[in-house]
Every structure is written in C-alpha cells, then in structure tokens.
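If you want the building blocks of each chain, they are given just below.
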Amino acid sequence: MTQIDIKSSKRQEMINITSSVASKVLASGIKKGLCIVYVPHTTAGVTINESADPAVRNDLINTLNRLIPKDPSYEHAEGNSDSHVKSTLVGVSATVPIEQGRMMLGIWQAIYFCEFDGPRSRHVDIKIIEG
Amino acid sequence: MTQIDIKSSKRQEMINITSSVASKVLASGIKKGLCIVYVPHTTAGVTINESADPAVRNDLINTLNRLIPKDPSYEHAEGNSDSHVKSTLVGVSATVPIEQGRMMLGIWQAIYFCEFDGPRSRHVDIKIIEG
Amino acid sequence: MTQIDIKSSKRQEMINITSSVASKVLASGIKKGLCIVYVPHTTAGVTINESADPAVRNDLINTLNRLIPKDPSYEHAEGNSDSHVKSTLVGVSATVPIEQGRMMLGIWQAIYFCEFDGPRSRHVDIKIIEG
C-alpha cells in the first residue's frame, strides 16, 4: 500500500489525483485487479466524475453547499458538520478495475479528492489487489 | 473483465441488471470473491436497492430531481450538471461479495444501472476477483 | 465470509460496528488485503465517519431527514421510501484496506451501520480478501 500526499488550498475543492493514482498502479506492476483509493479523513471524500469542463466541479460543490450549507444550527460545535455529511454522501473510497496494467476509467472520468474542510494537509491510501 | 451493454430509453431511468451480472459471475466459475460493477460514465451511476415495488425506483428518481433539478442556473453549459451531481451522490461502482458461486445479494436487493442523462447507449464493466 | 448481527432500537440510528468488524479481520489471520462490509438490506446502509463526537451522527441523521423527510407523498405505499433513498445515497458497502493484519482506518474514523427503517434485527456480511 502506498500514499499520495495532498495539500488543499480552499475550504472546499475537488483535486484531480488521477495521474498520481495511475503512477502507483504502474509502479505496482500489477496487470489485472482492482485499485482502491481510500480517504482516511472524516471531512473529505473521493469521487470519479468529469474532467473536461471545470464548471462541472463548481456545480458539484455549489449544489452540495445549497443542499448542505455550512450553518450555525448544527449540534456538533466544530463548525464543520456540513463537511462530515458531505463526506458520507460522496464516500471515502473509490474502486476502479485494472486491466493490462491500467485503470479502466471511462474516457471522460477522472478521480477527484474532495476537500470539504480545508485548507489542510491530507493523504489518500492506494491499495492495489491482483486478481 | 467483461461488459454488459445497456440501452436507456428515458432521460432518467433505473435499469435492473441483476440477472446480466449474475450470468457473468456464473460464467467466471469463481466460487468465492467479489463482483465489482463499474460504470465508466460521468452522468450515470449504479446502486443496489429494492426490486419488488417499481414505486421505489420512481420515488428515488423523483426525490433526486426534487433535490437536484435540471435547471438553467448551473455553470456547466451542457444542461446536464444535475446528472453529474447525481452520479457522484449515487456512485459509479458497486461491490458485492460472492460465495458458493453466487452474489450474496439480500433477498429484496437488485442491482440497478442509473441513467441520469439518457436516452443513450451505455455499458458497465464487470470485474470478478477470487478470494 | 462471516456475519455480524445488529439490533437497532430506533427508526434511524448510526450503530458503531468498528470493533466487531476488527475482530473478524483479526480472526481471519489475513495480513494484507481488503475488508468489505456489505449490507444486504434495502432500507439501511453503511458509512465511515467520525466517532469522537456523537453530535456528528445526530447532525448526519437530521440533515438526511431535512433533505429526505418521511412523508406521505411518496408513491411507494409502505411508508419507508425515505429509507430506500437514504440507503442509495449512503450506500450499502464499505471497503477498507488491511495492512499488517489491521484495517487502515483513519484516526477519527469508525464504521457505522446506518438504520433508516428500524427498529429491526439486521446483519452485515464481512468479506475479507487477501492481496
């Protein structure tokens, strides 16, 4: 298992980590199997979505904020309950099949680390299983 | 790894692919392991939910539309930002354990391909891991 | 594959199952691989989120209820359409890497069974894959 270090620069941000994950898959030498991207944080997540138009990421973050605003009415006193809820809805792991040594992402897909309570230093764990 | 081809007929639709996935598991000959259903699209998803009453799928789609309407106010100009957001919230992969050569779905569970921007020709990748 | 039996005591509840899952990982003797927690129900889910402050779980349940209320206007006549929608949004499986015989959960992370239509007797399947 290896890690990818991530430094977010805003409270909320979708950071494209596809090439870093692809490097780990290549370095593993594994030709067939699964790549799991695991986020060990409780106010962040990981998703796979479109990479072509950055507006998609803005719309995603803005929609999450409309549905789950940062708001003083939550019970949890740290001011980041919205971030915890977003983490659960987006999820903290992504699973991608590997064939011929490469992740089988769709042509428009990229892997995004989703920061919901930055800026912070973060990391993701990359687990590659042969099979 | 194998594929299942899917043809959606509406803008939004939940298509039961359980028997197609089960056939791939059977054909693999693998008795114990994991089945991963992977959606390589950015305006679709996959979920596991009830198959008995079709009203559950209608309620799911209607609730997603109430929360994330197709709306002209998004930044992304293609008119399908809602579809991208739904894809991230529902997710693009499902993982089901295999025992005795069969997926261990619950008695009421079925696997649904979720079309959020159809009608289109789509496919899912089926990855079966032994272990 | 093994099971963990769960008894919920409310309609909605997040039940910390981390130590039960960790016992299954330990008992498997597997040092490296994946642990999959699979929920075979259609009105429940599983998520990984903060364990330190119980207010985080209250905020999560209250936010889900604000977005997806139990409401008489759904088409499905059993009165639990909200539970089915929550199940799809939270998800019915969690995947955690295993290294040195232990799940690589982050320091603040715990695994929660999410009851959305209790109280009921439930179970989760634990599948551990070596690799």
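Residues numbered from 1 in each chain as written. Chains lettered and ligands numbered in written order. Predicted model: local features only at pLDDT ≥ 70, side-chain atom pairs only at ≥ 80, totals over all residues. Heavy atoms only, no water.

**Concerning the relation of the copies chain C and chain B**
As a reminder of what qualifies: Superposing copies: least-squares fit, C-alpha atoms only, residues required to have pLDDT of at least 70 in both. What makes two residues a contact is simply this: any of their non-hydrogen atoms within 4.5 Å.
Expressed as a screw transformation, the operator carrying chain C onto chain B has a rotation angle of 120 degrees and an axial translation of 0.0 Å, and the superposed copies differ by an RMSD of 0.0 Å. Seen this way, the second copy is the image of the first under a three-fold rotation axis. Ranked by how close their C-alpha atoms come to the rotation axis, the residues of chain C are headed by Leu89 of chain C, at 3.4 Å. Interface overlap between copies is the fraction of interface residues in one copy that are interface residues in the other; for chain C against chain B it is only 8%, indicating separate surfaces.

**Quick look at the confidence of the model for chain A**
Detailed reading of the predicted coordinates is not advisable wherever pLDDT is low. Formally: pLDDT expresses how confident the predictor is about each individual residue, on a scale running from 0 to 100.
Of all residues in chain A, 100% have pLDDT values of 70 or greater, and the mean over the chain is 96. The ipTM for the predicted assembly is 0.97, set against a pTM of 0.98.

**Let's talk about the interface of chain A and chain B**
As a reminder of what qualifies: Here the buried area means the combined drop in accessible surface, using a 1.4 Å probe, for two parts upon being joined, counting both sides. For this analysis, a salt bridge means a side-chain nitrogen from Lys or Arg found within 4 Å of a carboxyl oxygen belonging to Asp or Glu. Here a polar contact means two N or O atoms within 3.5 Å. Within protein one must be a hydrogen donor candidate and the other an acceptor candidate, and residues neighboring in sequence count only if both atoms are side-chain atoms. Working definition: helices are DSSP H or I runs of at least four residues, strands are E runs of at least two. Numbering for both runs from the N terminus. Gly is placed with the polar residues, together with every amino acid not listed as nonpolar (Ala, Val, Leu, Ile, Met, Phe, Trp, Tyr, Cys and Pro) or charged (Asp, Glu, Lys and Arg).
Each side of the interface is counted separately: chain A has 32 residues, and chain B has 25 residues. Between chain A and chain B lies a buried interface of about 2300 Å² when both sides are counted; carbon and sulfur atoms form 58% of it. Taken together, the links from chain A to chain B amount to one salt bridge. In this structure, Lys127 of chain B and Glu99 of chain A form a salt bridge, with 2.8 Å as the shortest nitrogen-oxygen distance. Taken together, the links from chain A to chain B amount to 15 residue pairs in polar contact (both at pLDDT 80 or more). At the level of secondary structure, the elements contributing two or more residues to the side of chain A that touches chain B comprise strand 3 (33-38), strand 4 (44-50), helix 2 (54-67), helix 3 (81-90) and strand 5 (93-99) of chain A. Of the residues that constitute the side of chain A that touches chain B, the class distribution is 16 nonpolar, nine polar and seven charged.

**Focus: the pattern of salt bridges**
Put simply, the rule is: Burial classes follow relative accessibility: with a 1.4 Å probe on protein chains only, a residue under 20% of its type's maximum area counts as buried, one over 50% as exposed, and anything between as partly exposed.
Applying the stated criterion across every chain, the model contains 21 salt bridges over all chains. The salt bridge involving Arg122 of chain A is made with Glu115 of chain A; its shortest N-O contact spans 2.7 Å. A relative accessible area of 0% means that Glu115 of chain A is categorised as buried. Salt-bridge contacts for Arg11 of chain B lead to Asp82 of chain B; the nearest nitrogen and oxygen are separated by 3.0 Å.

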